[in-house]
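Given next are the chains, with one letter for each unit.
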Amino acid sequence: MSTVAAPNDLNAYWMPFTANRSFKRAPRMLSKAKDMHYWTPEGRKLLDGAAGLWCVNAGHSRDPIVKAIQDQAAEMDFSPPFQFGNPKAFQLATRVAAMAPGDLDHVFFANSGSEAVDTALKMAIGYFHMQGQGQRQRLIGRARGYHGVGFGGISVGGISPNRKIYGAMLAGVDHLPATYNRAEQAFARGEPDWGAHLADDLENIVALHDASNIAAVIVEPMAGSTGVIAAPKGYLQKLRAICDKYGILLIFDEVITGFGRLGYAFAAERYGVVPDMICFAKGITSGTVPMGGVVVRKCIYDAFMKGPDHAVEMFHGYTYSAHPLACAAGLATLDVYEKEGLFERARKIEPIWADAVHSLKGLPNVADIRTIGIVGAIDLAPNNVGPGKRGFEAMDEAYHKQDLLFRIAGDTIVLSPPLIISEAQIDEVVEKTAKVIKALG
Ligand SMILES: Cc1ncc(COP(=O)(O)O)c(C=O)c1O
């Protein structure tokens with residue numbers, strides 16, 4: 001089995017969201033992948049407990065997706081998305097729109113979750129401008145929310161290290177409180193019972209600013225990046241009701257929760273709540289080619305379709321919006337999801353997954369465990385060096401000693417394997433994670 005040799009100079013590459021200096025002293029390289037596994041350059045096989053980075057929902061390097069990308073690269077490498085169209089972009093938009101709930105039936109393509117979020121925020125403000133309500137500009141995010149790293153995303157996001165050295169960011173942003181409370185929710189399976197009332201804080205923000213100044217609320221149905229915080233039962237319904245009461249747009253950031261992670265095409269379906277916009281990325285191409293986007297309600301699209309026939313309606317877009325390789329990968333990925341029934345499968349195995357992950361309760365330093373869909377989080381108590389060190393050591397131990405890849409969020413181990421995971425592999429992920437936790441002492 002061929003793997004790409006490790007480079008001998010690691011200096012030039014400034015790695016994203018990485019402890020660069022420690023990585024370069026003891027690298028964690030990955031150079032090949034197939035189905036549920038990665039391989040290191042030396043040929044060591046690792047079980048993927050993270051679907052790469054929440055994105056490889058169909059499993060790695062799947063033949064039909066690989067072939068679609070190869071064929072597309074040979075047929076047409078690139079086509080300009082401004083004023084010209086690639087047939088596959090229209091096909092993919094139609095399929096994504098059909099998967100979205102309600103009248104969310106128009107799709108704008110970007111290349112990442114961060115771009116999807118910035119697009120949605122601009123659309124919200126632009127929508128009200130087009131309606132003659134240009135004063136509706138305020139945006140509301142949530143503490144512990146992650147919406148990528150654009151200036152829009154970090155402004156509505158609620159993660160201090162992602163914000164604190166970047167200055168003023170966007171003006172006019174408020175935050176709802178985070179919905180996690182260990183005392184009330186510890187060891188929850190699925191949506192916690194406690195916390196729906198936290199949506200009522202939106203009423204306080206409206207009282208402070210007046211709804212006539214507020215454009216949109218953006219939340220993740222399940223906050224992934226800050227350690228897996230599922231919406232409490234009834235919370236999203238409450239947010240929807242308050243947004244409706246005041247004419248505020250509701251945006252779901254489904255960059256992680258979209259494409260099967262919670263057992264449905266979009267989490268909106270799981271919760272029976274129809275937002276006004278859905279941001280997506282990651283699973284749309286199962287991570288193979290960068291792609292993101294926003295699905296919007298008909299009224300939002302219609303609001304922009306004004307002015308002279310020859311004129312651009314929205315001054316926004318990216319050179320690589322609807323890139324032909326991403327569109328081909330997206331169509332092939334949706335075929336795999338459909339043919340293999342992967343979303344239904346995720347629903348079916350959710351209780352098995354939850355039992356397995358919750359079996360880690362009682363191991364040393366395990367302070368809380370949360371599961372929802374095919375996602376699991378294990379909070380470890382910080383060690384005496386301070387927050388983040390035990391989590392980092394867990395990731396390192398998993399890669400080097402247990403042949404397992406998972407994500408960490410501070411001292412939380414986050415598991416989110418590809419949706420093709422077998423029941424035996426669920427046991428393997430959990431057994432290896434248990435060994436990691438025990439090894440940390
Ligand atoms: C909810 C959410 N929004 C946005 C993003 C940003 O996506 P990207 O890294 O593709 O820009 C992420 C990434 O994990 C995410 O989880």
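Computed from a prediction, not measured in an experiment: that's the story for all the values here.

How each quantity is defined
Residues numbered from 1 in each chain as written. Predicted model: local features only at pLDDT ≥ 70, side-chain atom pairs only at ≥ 80, totals over all residues. Helix = DSSP H or I, 4+ residues; strand = E, 2+ residues; numbered from the N terminus. Expected span 1.5 Å × (residues − 1). Contact = placed C-beta atoms within 7 Å. Near = placed C-beta within 6 Å. Nonpolar A, V, L, I, M, F, W, Y, C, P; charged D, E, K, R; others polar. Domains from an automatic or database assignment. Pairing = 2+ DSSP bridges. Axes fitted to C-alpha atoms, helices over the stretch in contact; angles between N-to-C directions.

Caption draft 1: Inspection of helix α16 (residues 423–440) at higher detail. Between its first and last C-alpha, α16 extends 26 Å over 18 residues, near the 26 Å set by a 1.5 Å rise per residue. On its buried side, α16 packs onto β3 (45–48), α14 (342–358), β13 (366–372), α15 (389–401), β15 (404–405) and β17 (412–415). Looking one or two residues past α16, G441 carries a phi angle of roughly 70°, positive in sign.

Caption draft 2: How the structure looks around the site of the ligand. By nearness alone, 16 residues border the ligand, and S112, G113, S114, G148 and V255 come closest of all. Of the residues forming the shell around the ligand, the biggest block, three residues, is contributed by helix α5 (residues 113–130). Residues of the shell around the ligand, tallied by class, amount to six nonpolar, eight polar and two charged.

Caption draft 3: Examining the domain arrangement of the protein chain more closely. Its domain assignment divides the protein chain into domain 1 (20–58 + 341–440) and domain 2 (66–339). Using C-alpha coordinates to define each centre, domain 1 is positioned 26 Å away from domain 2. Counted by class, the side of domain 1 that touches domain 2 contains 16 nonpolar, eight polar and six charged residues.

Caption draft 4: Representation of the sheet that holds strand β14 (residues 375–380). With respect to topology, four strands assemble into an open sheet ordered β13-β14-β17-β16, the strand pairing being antiparallel. Two strands lie at the open edges of the sheet, namely β13 and β16 (407–409), each paired on one side alone. Looking at each pair of strands side by side, their axes are set apart by 20° on average, direction ignored. Sheet topology note: the β13/β14 ladder contains six bridges and is antiparallel. Bridge pairing in β14 links T371 to G376. Against the sheet, α14 makes contact with β13, β14 and β17, and its axis sits at roughly 175° relative to β13, the strand it touches most. α15 rests against β14, β16 and β17 of the sheet, and its axis sits at about 180° to β16.

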